[in-house]
Amino acid sequence: MRSTLSPWQMVTVFGLVVAPIVFGAAFAADLSSERPDPVPFDQTVQRGITMADEQRALSRDISVPRAEVFYSQYRYVVGYVGLDRTVAALTEPGHEQQFGYPLAVYVSDYSGAGATCGERGTLRTDGPTGWTAASEAHYVVNGSTRAPSGPVVVPFGSHADAAAFADRCGGRVVDWSILRTHSFEEDGPLAVREQIADRRSTTNETVRTARALDTRPVSVVVGEDAPTVQAAVDAAPPNTTVVVPTGSYHERVTIDDPITLRGRNATLDGGGNGTVVRVTADRVGLTGLSVTGIGNQTVGNTSTAGNSAWDATVTAAYGNSDAAVSARNASALYVSNVTVETRSSGFVLRRTPDAVVENVTVNGTANWQDGFMGVVGMHTDIVVQDSTFRGGRDGIYLHRADGTVVRDNTFRDGRFGVHLMYTSSALVADNTAREQNYAGIVVMTNPEGNAVVGNDVRDAGSGIMMAGSRSYVGHNVVANTTRGLSANAGRSLYEDNVVYGNDIGVTAATVLPSNTVTENDFVANDKHAVSGPGPLRWYTDDGRGNYWSGADDLSADDGATLTQPYSPTDTVDRRLHHTDAAVVLRSAPSIRALRALRGTTPGFRRGSIVDTHPLSAPANPETVAMLRNETTTDVSP
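Residues numbered from 1 in each chain as written. Predicted model: local features only at pLDDT ≥ 70, side-chain atom pairs only at ≥ 80, totals over all residues. Heavy atoms only, no water.

S.K.: Honestly, the overall build of the chain in this entry has me stumped. Any pointers?
M.R.: Scanning the chain for helices and strands turns up 13 helices and 49 strands. Per-residue burial for the chain yields a buried fraction of 54% across its 637 residues. Considering only contacts in the chain between residues 6 or more positions apart, those separated by 24 or more positions represent 54%. Of the roughly 25000 Å² that the chain leaves accessible, carbon and sulfur atoms contribute 47%. (Helix = DSSP H or I, 4+ residues; strand = E, 2+ residues; numbered from the N terminus. Buried < 20%, exposed > 50% of the residue type's maximum accessible area, 1.4 Å probe, protein only. Contact = heavy atoms within 4.5 Å. Areas by Shrake-Rupley, 256 points an atom, 1.4 Å probe, with all protein chains shown as cover.)

Here it is in structure tokens:
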């Protein structure tokens, strides 16, 4: 069965809702009354747990407390999934400056809902919850009650109900004023940045351990000790190596024991019928092979019989693609120096923790719609490094692959280079993507804690497209794309990126602006930035903004930052790097008055970005100089 559907169409067919929130569908609050009434939660602009955790909760009938907040300077109602996220948002620095003070805060009311702490402390109810004012509610904290995202705070309209729940499930009862002082520790983007060095070191150790599988003693040589590769694999004692001499071997192989299959310029040809190598054992090594003759089934049987997981259909479809190598329930797999020619997938890895794939080459289809994935990683953390992926659909596709490391790879001529779905805490570092049809790196489905660092994406439809929250995007180069960088992962840090020569440099479309964007270089883009509607987005941190080519025609106050703010979304400012007349026009009294009005009057704001301390020179001068030297057109700063 060949798939011709887009990823969004596939998601719809498989019954999963992963589309981003549509801003226009959110409920516009009537702020004329002192205390507006609650609204249906699905009409709020939502923040909170990851979509993976939300799907887990829905599939297991686990209840997650919610809140909704009406802000004085924000016309839409904001919904929070998890009261820890609510308190963290309400108490974060600068939050009230951006959205105004809370006119009303409502929380789920578990009084009368039959709340219990079920299996493993999961919060369950036998009826619907209502709403109660946060200031009048009573909260059970520090108990054993949990949701997929972790411990939960459970609110009740009745103090007696809260006390009874605490007696059954543990914890203590506090009021709203105490809850607001409660510390809910979360790893923000700074913590993600600080963990990168340790992540690299830990990954190096994982790779060293995996490489030891290629030093096992030789036990069987194909053609000398056994007539076929499969016969040699079956005959080899555990923890030994099967050697496959030079030649073509027309067979499909299954490896059920911990051995290493090492080729010496050997080719496995599956005859165009299905997967060529299947791995079901731990600690299997595959090195020095070419694999051809792979079947062309890109989407497998979607039957979910016996599997009640919320993502069972996607797992069955994507995880059963024909592949050069398919591994399932097999830890510590090591694949190295393997070349694949495929009309479907290269490597499909399901539940293969600590798998390492390095120095492989996957040549997919010239038309990405005809092929599938270079590497599929599902329900597991893996390492993919120092490899090359050409053509096909996605170079690396990850689904619920938390903690995966993708580094030092090259992607060309596919749809996406790296594609994260429901995957948090991944490290995507130092990869190169060229001429991707849609994007170099794409993160979907609102994950958390991802680090996208040191990548170089050029000549693609889009560069780096982020979603989710609490992520770190730093030291990347994005050049010559239609849309360079999307700052759509909320509560995230974007720093030291060079965004050069794109049609649009950065897109800021998060409904709730909460990112830190600083020390980036926006150079020679047709439009440096576009922004969706909502509160002003401040692209300055601790007195340091970003470098915007064209804005440096304005005077600098200290040699480092400019004397005037710069707005890349302003109709005048964004022309500074196109025409000298804009420098004069931006100083006109009428223009300055209009900006002041827009910046201080919430109802008059449009989607805008303001950098209060733009840099007078690039933060990454060597990278900018390199890109300028590579550009045939002479572009002024």
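S.K.: What should I look at first to understand empty space enclosed by the protein in this one?
M.R.: In this approach a probe as big as a water molecule rolls over the atoms, and the regions it shows empty are the leftover space. Counted according to the given criterion, the structure contains four cavities of 30 Å³ or more. Each pocket or cavity is described by its volume, and for the second largest cavity that value is around 50 Å³. Lining the second largest cavity are 13 residues, with Val-362, Met-373, Gly-374, Gly-391 and Gly-392 sitting closest to its centre. Among the elements of the structure, strand S27 (388–390) and strand S28 (394–399) are those that each provide at least two residues to the lining of the second largest cavity. When the residues that make up the lining of the second largest cavity are grouped by side-chain class, the tally is four nonpolar, seven polar and two charged. (1 Å grid on protein atoms, 1.4 Å probe; cavity = no way out; pocket = protein on both sides within 12 Å on 5 of 7 lines; lining within 4 Å. Points joined across faces, edges and corners; volume = space filled by probe spheres on them. Nonpolar A, V, L, I, M, F, W, Y, C, P; charged D, E, K, R; others polar.)

S.K.: Quick question: what am I supposed to make of the state of the cysteines here?
M.R.: Applying the stated rule across the entire model yields one disulfide. The side chain of Cys-117 participates in a disulfide bridge whose partner is Cys-169; the two sulfur atoms lie 2.0 Å from each other. Here Cys-117 and Cys-169 share a disulfide; its torsion about the S-S bond, -90°, makes the bridge left-handed. Residue Cys-117 is found in strand S5 (residues 116–117), and its partner Cys-169 is found in helix H5 (residues 159–169); the two are separated by 52 residues along the sequence. Given a relative accessible area of 24%, Cys-117 falls into the partly exposed group. (Disulfide = S-S within 2.5 Å.)

S.K.: Would you mind showing me how to read H5 here?
M.R.: Spacing of three or four residues puts side chains on the same side of an α-helix, whose turn is 3.6 residues. Looking at H5, one finds that the buried residues are Ala-162, Phe-165, Ala-166 and Cys-169. Buried residues of H5 fall within an arc of 100° about the axis and therefore sit on the same side. When the buried face of H5 is taken as reference, the exposed residues oriented beyond 90 degrees from it are Ala-160, Asp-167 and Arg-168. On its buried face, H5 sits against S5, strand S6 (123–124), strand S8 (138–141), strand S11 (154–156) and strand S12 (172–174). Where H5 begins, the side chain of Ser-158 points an oxygen toward the backbone nitrogen of Ala-160, at a separation of 3.2 Å. A positive phi of about 85° marks Gly-170, the residue just after H5. (Arc of directions from axis to C-beta. Polar contact = N/O pair within 3.5 Å; in protein donor to acceptor, adjacent residues only side chain to side chain.)

S.K.: So what exactly am I meant to see when it comes to the pairing of strand S20 (residues 323–328) here?
M.R.: It is a general feature of regular strands that their side chains alternate between the two faces of the sheet. Most of S20 sits inside the fold, with five of its six residues counted as buried. Pairing geometry for strand S18 (residues 277–279) and S20, over three bridges, is parallel. In the strand pairing of S20, Val-279 is matched with Ala-327. (Pairing = 2+ DSSP bridges.)

S.K.: Looking at this model, I keep getting lost on the side chain of Ser-63. Mind explaining?
M.R.: Examined against the element boundaries, Ser-63 turns out to sit in the loop between helix H2 (51–59) and strand S2 (66–71). Exposure remark for Ser-63: the relative accessible area of 15% places this residue in the buried category. A polar side-chain atom of Ser-63 sits 2.6 Å from a polar atom in the side chain of Tyr-110.

S.K.: Got a minute to help me understand the environment of Thr-122 in this structure?
M.R.: Within the secondary structure, Thr-122 is located in the loop between S5 and S6. On the basis of relative accessibility, which here comes to 5%, the residue Thr-122 falls in the buried class. Sequence separation between Thr-122 and Val-64 is 58 residues, and the spatial gap between their C-alpha atoms is 9.3 Å. Setting aside residues up to four positions removed in sequence, Thr-122 forms contacts with Arg-60, Ile-62, Thr-116, Cys-117 and Arg-146. At 2.9 Å, the side chain of Thr-122 and the backbone oxygen of Glu-119 are in polar contact. Of note is the side chain of Thr-122, whose polar atom sits 3.2 Å from the side chain of Arg-124.

S.K.: Is there a simple way to think about the environment of Gly-346 in this case?
M.R.: Topologically, Gly-346 is positioned in strand S22 (residues 345–350). Judged by its relative accessible area of 0%, Gly-346 falls in the buried class. Sequence-distant contacts of Gly-346, that is, excluding residues within four places in its chain, are made with Ala-323, Ala-324, Val-325, Val-340, Val-362, Met-373 and Gly-374.

S.K.: Honestly, the pattern of salt bridges in this entry has me stumped. Any pointers?
M.R.: Oppositely charged side chains can form a pair if their charged atoms are brought close together. This model, assessed by the stated rule, comprises 18 salt bridges. A salt bridge links Arg-434 to Asp-456; the nearest nitrogen and oxygen atoms lie 3.1 Å apart. In this pair, Arg-434 is assigned in strand S33 (residues 432–434) and Asp-456 in strand S36 (residues 456–458), connecting sequence segments 22 residues apart. Between Arg-458 and Glu-630 there is a salt bridge whose closest N-O contact spans 2.6 Å. Here the residue Arg-458 occupies a position in strand S36, and Glu-630 occupies one in helix H13 (residues 621–630), the gap between them amounting to 172 residues. Residues joined by salt bridges that share partners form a network here, namely Asp-84, Arg-85, Glu-448 and Arg-470. (Salt bridge = Lys/Arg side-chain N within 4 Å of Asp/Glu carboxyl O.)

S.K.: Teacher, can you tell me more about H2 here?
M.R.: Within the sequence span of H2, burial applies to Met-51, Ala-52, Asp-53, Gln-55 and Ala-57. Positioned one or two residues after H2, Asp-61 has a phi angle of 55°, which is positive.

S.K.: What exactly am I supposed to notice about the packing of aromatic side chains here?
M.R.: Each aromatic ring pair is specified by the distance between its two centres and by the angle formed by the two planes. In total, this model carries 16 aromatic pairs according to the counting rule given. Their ring planes at 45° and their centres at 5.4 Å tell us that Phe-156 and Phe-165 sit as a pair that is tilted. For Phe-156, a relative accessible area of 3% puts it in the buried group. When its relative accessible area of 0% is taken as the criterion, Phe-165 is described as buried. Ring centres of Trp-548 and Tyr-566 lie 5.6 Å apart, and the angle between their planes is 40°; on these two criteria the pair is classed as tilted. One end of the pair, Trp-548, is in strand S48 (residues 547–548); the other, Tyr-566, is in the loop between S48 and helix H11 (581–585), and 18 residues separate them in sequence. Relative accessible area serves as the criterion here: at 0%, Trp-548 is assigned to the buried category. (Phe/Tyr/Trp six-rings, centres within 6.5 Å; stacked < 30°, edge-to-face > 60°.)

S.K.: Help me out: how do you make sense of the sheet that holds strand S25 (residues 375–378) in this one?
M.R.: Remark on secondary structure: sheet strands pair via backbone hydrogen bonds, oriented parallel or antiparallel. Strands sit in the order S16-S18-S20-S22-S25-S28-S31-S34-S37-S40-S43-S46 across an open sheet of 12 strands; the sheet is parallel. Bordering the open sheet on either side are strand S16 (253–255) and strand S46 (527–531), each of which pairs with just one other strand. Sheet twist, expressed as the mean angle between neighbouring strand axes with direction ignored, is 10°. The pairing of strand S34 (residues 439–444) with strand S37 (residues 462–465) spans three bridges and is classified as parallel. Note on S37: the bridge partner recorded for Val-442 is Met-465. (Axes fitted to C-alpha atoms, helices over the stretch in contact; angles between N-to-C directions.)

Don't take any of this as a statement about function, it's just geometry.
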